[in-house]
Structure formats: C-alpha cells, structure tokens
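The lines below spell out each chain.
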Amino acid sequence: MGKTEKRIGWFVVGESEKEQCAVMGQGRNEAKQCSGMGQKNEAEQCAVRCQERNETGQGFVMCQERNETGQGFVMCQDEKDSERMKVLRRIRLLEQEGRFDVDAEDDPPTIPLMPDQIDYLRTKFISRLKRKAAYMVAGLFVNSLIRKKKLIIKQVIGMENLNCVKSGAIITCNHFHPYDCLMVEHLFQNSEQMGKKQLFKVIREGNYTNFPGFYGVLFRNCNTLPLSRMKETMYQFLKAVDTILTRGDFILVYPEQSMWWNYRKPKPLKNGAFKFAVRNHVPVIPFFITMEDGDKMGADGFPVQEYTIFIKEPIYPQTEGAIREQAQAMKEENAHVWKQVYEDFYGSPLVYSVPQERTRL
C-alpha cells in the first residue's frame, strides 16, 4: 500500500490507490480470511495475496466468498470502488484546506426554486396526498434496508431526550451519509412524539428541484424544507420555519452544511439552525451518530457500518441577549456536546489536519 499518510474516519488513505486492500478498523493486523467454492488454484491465489498483504502490515484483509451464480467463485477485495476512493481523497484534501462546508461529492445541478413551486406547510390537498404516499414508500424502503442489514442501527442512547420536549425543536445531526436522514426519521417515528408532532427536514435547493429517481420523490414529498437562492422563496421558507416551530413541530437541520461520506469527526457548525431556535424560543436537540465496521461487506468493497445514535439533552436559548449572541452560545454548546461524544466513543481527541484557527466549531 505504500506509506500510509492519513487516517480519515475509519478508513486509511495511502500513496498508492491500487494497492488498497480492504483495510478495516484502525489498521489492525489481526486476521486474514479467504474462502471460496471455485477452482482450487483460485482460492490458493487469493490466500497468497491475503498473506502477502497481512505480512506487510497493511491491516485486516478480507476476501469474500461469492456464490450468486450457484457455482461460486473467489473474489479478493484487492481494490475498492474507484468512485468511493475518489471521494475519500477529496475529503482528505478538503480537511487539509479547512473547507469543511464543501460537499465531497458532486451535487446535481441546481435549478432555482420559484415561490409557486413549493408548498412548504403542505396545506394543499395534493401535497398532503403525495406526502402520505411518499412516507409509506419510504417506510417500506427503510424497513427493507434494516431487514437486509444494509442499514444497521446497533444502539440508541438517550431517547428520553427526544421524548421529553413539549415545544417545537430543532434537531441537529452530523451528516455523513444519505441514510442518516432516514435514521433520524426512523427514530422519530418510533418515539413518543409520533402522532403528536411532525418532523420536517431542511434540504438543499437542487435536491428538491431536480434530484432524479426514487430519492428525488422523497426529497420533494417527505416534509422537506428546501433552501433557495430566490429571495421570494426564502421569505416563504423563513415564514414556514417560524410557523412549524411555533406550532410545536420539529425541524432537522444539518449545521455542518456539507456531507462527507463515512466521516466520523464532527465538522465546524454554521449559525442558521441556532438562529431559528433562538428566534422561536425553542431548544436544539443534538443528535450525533457514531459508526463501527461491521462484518458484512458492501458492494463497494467497504464494510457496512454499524451505527450508534446518541441523543443528548436539549439545549435551550438564553433568556437575555441579542439573537446573534444567544445563537453563538447554543452553537458552541452543541459543538462541545458532539466533540465529547466523539472523543468518548472513539477514545481519541478530535484533531484535524488543518491549523486550529480554521477549525473552530
């Protein structure tokens, strides 16, 4: 693999991409597995490659048995998905540059959202009908992911902190995967708040206006609140946020702004979520999701992650001070909570590969 340069989350980035061989965990050199049902020489060759990598200290190498055709053959995970590797290199570069609010993956082109194209509060009959259908399909999809162990929620800690809130609230969460939104929604629907309140989600403009396929349907219909570059649309957005929080519902906001795939560290936070909370006199409920390598390998050559979801105590606005000052105080407390969860769970201090003055949470 060459000289290892940097750890990002659970994965390791080295100098030579082609020699990356399913490095798992923290670069442990604990075991090697190779199983196959194909020809004997194929299995032997796979075992040799695994042995070579393990002896050079490149970590835990897993060779998977594949038997989809009924005949079986050996597949050695010598290379991970090239697109995933490109994303990981991009994350590493963005962290080094301190550009934490930039997405590591290319977003779809953004078509401006006009005011007459969005019914933020779902007051129209057709909007409510589409919402009902979309939530039914989304529920089946999430249950299928969980049943097939493509989405593994290992543990939930602190559900009482979600159940205890009587008013409206902002939920904050780290953003590392398209499924993290599904996890928050799944927990909400299994909480004591279900049936009493609704959960809305702030999303980017392009995800609403022109995201294709199945996910596009969910983005447009599952109580989403798209941002917009259009002044008139943003006016409607802000009014809707105030209405939703005042009437006692919840809004999920990703204050990191960007999504970095399987990135374990909390990133610096933006002010918007906390200003919404202060302006409407509601608390922020900090969620932080940690992850561990599971035993199951994904189609991209990376381990399927097992998630632990931490729901921390609500953070309430101060009773005095300007909105900006109160929002800053709430943001700093949220950042401290996330940092504490990260360091306690992973057993290591939160450190970035960028000068400290550029990483203030």
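Here, residues in each chain are numbered from 1, in the same order as that chain's written sequence. With pLDDT at 70 or above as the cut-off, local features in this predicted model cover only qualifying residues; side-chain atom pairs require 80 or more to be listed or tallied, and sums for whole chains, interfaces and linings still use all residues. Hydrogens and water are ignored here; the side-chain numbers use all heavy atoms of the structure.

Some details on the nonpolar core
Inference 1: The biggest cluster of nonpolar side chains holds 47 residues, and the ones touching the most others in it are Ile170, Leu225 and Ile251.
Inference 2: Counting from the N terminus, the helices are DSSP H or I runs at least four residues long and the strands are E runs at least two residues long. Listing elements by their share of this core, those giving two or more residues are helix 2 (82–97), strand 8 (199–203), helix 8 (231–246), strand 10 (250–253), helix 9 (272–279), strand 11 (284–297) and helix 10 (323–346).
Inference 3: Of the residues forming this core, the biggest block, six residues, is contributed by helix 10.
Inference 4: Other than its neighbours up to four places away in sequence, Ile170 contacts Leu245, Ile251, Val253, Ala273, Phe276, Ala277, Val282, Pro283, Val284 and Ile285. The term nonpolar core refers to a set of buried residues drawn from Ala, Val, Leu, Ile, Met, Phe, Trp, Tyr and Cys, joined through side-chain atoms within 4.5 Å. Only protein chains enter the area calculation, which uses a 1.4 Å probe; residues under 20% of their type maximum are buried, those over 50% are exposed, and those in between are partly exposed. We call two residues in contact whenever any of their non-hydrogen atoms come within 4.5 Å of each other.

Overview of helix 3 (residues 125–147)
Inference 1: Helix span is expected to be 1.5 Å times the residue number reduced by one. Helix length check: helix 3 (23 residues) gives 33 Å between terminal C-alpha atoms against 33 Å at 1.5 Å per residue, within 8%.
Inference 2: The set of residues buried in helix 3 consists of Ser127, Arg131, Ala134, Tyr135, Ala138, Val142, Ser144 and Leu145.
Inference 3: On its buried side, helix 3 packs onto helix 5 (179–189), strand 8 and helix 7 (213–221).
Inference 4: Lys149 occupies a position one or two residues after helix 3 and carries a positive phi of about 60°.

Some words on the side chain of Arg264
Inference 1: Within the secondary structure, Arg264 sits in the loop between strand 10 and helix 9.
Inference 2: Owing to a relative accessible area of 8%, Arg264 belongs among the buried residues under this scheme.

Focus on the environment of Cys164
Inference 1: With respect to the element layout, Cys164 can be found in the loop between helix 4 (159–163) and strand 7 (169–172).
Inference 2: The class of Cys164 is partly exposed, set by a relative accessible area of 39%.
Inference 3: For the pair Cys164 and Glu313, spaced 149 residues apart in the sequence, the C-alpha separation amounts to 9.4 Å.
Inference 4: Sequence-distant contacts of Cys164, that is, excluding residues within four places in its chain, are made with Gln193 and Pro314.

Some points on the pattern of salt bridges
Inference 1: Any Lys or Arg side-chain nitrogen located within 4 Å of an Asp or Glu carboxyl oxygen qualifies as a salt bridge. According to the stated counting rule, one finds 13 salt bridges in the structure shown.
Inference 2: As a salt-bridge pair, Arg264 and Asp293 come within 3.8 Å of each other at their nearest N and O atoms. With Arg264 in the loop between strand 10 and helix 9 and Asp293 in strand 11, this residue pair connects regions lying 29 residues apart in the sequence.

Regarding the sheet that holds strand 10
Inference 1: At least two bridges found by DSSP between two strands are what make those strands a pair. As summarised here, the arrangement of the seven strands in space is 6-12-11-7-10-8-9, forming an open sheet in which the pairing is mixed. What marks the edges here is a single partner per strand, and that holds for strand 6 (152–157) and strand 9 (224–226). Each neighbouring strand pair of the sheet contributes to a mean axis angle of 25°, computed without reference to strand direction.
Inference 2: Here three bridges tie strand 8 to strand 10, and the two strands are oriented parallel to one another. Following the sheet pairing, Lys201 is matched in strand 10 by Leu252. To obtain each axis, a line is fitted to C-alpha atoms, and for helices this fit is confined to the stretch in contact; angles are then taken between N-to-C directions over 0 to 180 degrees.

So, the confidence of the model for the chain
Inference 1: Think of pLDDT as the predictor's per-residue confidence, scored from 0 to 100. When the pLDDT values of the chain are averaged, the result is 83; 76% of them are 70 or greater.
Inference 2: Across residues 1–40, where pLDDT falls below 50, the model places 121 contacts with residues more than four positions away in sequence or in other chains.
Inference 3: Low confidence marks residues 42–78, where pLDDT is under 50. Its contacts with residues over four positions away, or in another chain, come to 85 contacts.

A few points about a nonpolar patch on the surface
Inference 1: The patches reported here contain residues having more than 30% relative accessible area and no salt bridge. Joining distances are 9 Å for like charges and 5 Å for nonpolar side chains (Val, Leu, Ile, Met, Phe, Trp, Tyr). Exposure was quantified through the Shrake-Rupley algorithm and a 1.4 Å probe, taking into account, for residues, occlusion by the shown protein chains and nothing else. A cluster of nonpolar side chains, contributed by Met136, Val137, Leu140, Phe214 and Tyr215, occupies part of the molecular surface with about 470 Å² of accessible area.
Inference 2: Of all the elements in the fold, those that place two or more residues in the nonpolar patch are helix 3 and helix 7.
Inference 3: The biggest single contributor to the nonpolar patch is helix 3, with three residues.
Inference 4: The topology assignment puts Met136 in helix 3.
Inference 5: A residue is classified by how much of its surface remains accessible, and Met136, at 56% relative accessible area, is exposed.

Some remarks on unusual backbone geometry
Inference 1: The phi dihedral of Lys149 falls on the positive side, at around 60°, and the residue is not glycine.
Inference 2: Of note, Lys149 is situated in the loop between helix 3 and strand 6.
Inference 3: Positioned with a positive phi, Gln257 is a non-glycine residue whose angle comes to about 80°.

Some details on the state of the cysteines
Inference 1: Throughout, a disulfide means two cysteine sulfur atoms within 2.5 Å of one another. All told, the structure shown has zero disulfides when counted by the stated rule.
Inference 2: Cys181 forms no disulfide, and the closest cysteine sulfur to it belongs to Cys222, at a distance of 8.4 Å.

A look at the pairing of strand 12 (residues 303–311)
Inference 1: Among the nine residues in strand 12, eight count as buried, and that is most of the element.
Inference 2: Direction of pairing for strand 6 relative to strand 12: parallel, over a ladder of five bridges. Residue pairing for strand 12: Ile157 is matched across the bridge by Phe310.
Inference 3: Pairing between strand 11 and strand 12: eight bridges, direction antiparallel. Counted as the bridge partner of Met297 is Pro303 from strand 12.
Inference 4: Once strand 11 ends, the chain turns through five residues before running back antiparallel as strand 12, passing Gly301 with a positive phi of about 90°.

Some words on helix 2
Inference 1: If you check helix 2, its first and last C-alpha atoms are 23 Å apart, about what 16 residues at 1.5 Å a residue would give, namely 22 Å.
Inference 2: Of the positions making up helix 2, those classed as buried are Met85, Val87, Leu88, Ile91, Arg92, Leu94 and Glu95.
Inference 3: Put simply, Asp81 is the residue that caps the front of helix 2, since its side-chain oxygen is 3.1 Å from the backbone nitrogen of Glu83.
Inference 4: Positioned one or two residues after helix 2, Gly98 has a phi angle of 70°, which is positive. Here a polar contact is taken to be a pair of N or O atoms separated by no more than 3.5 Å, where protein atoms must pair a possible hydrogen donor with a possible acceptor and residues adjacent in sequence count only if both atoms sit in side chains.

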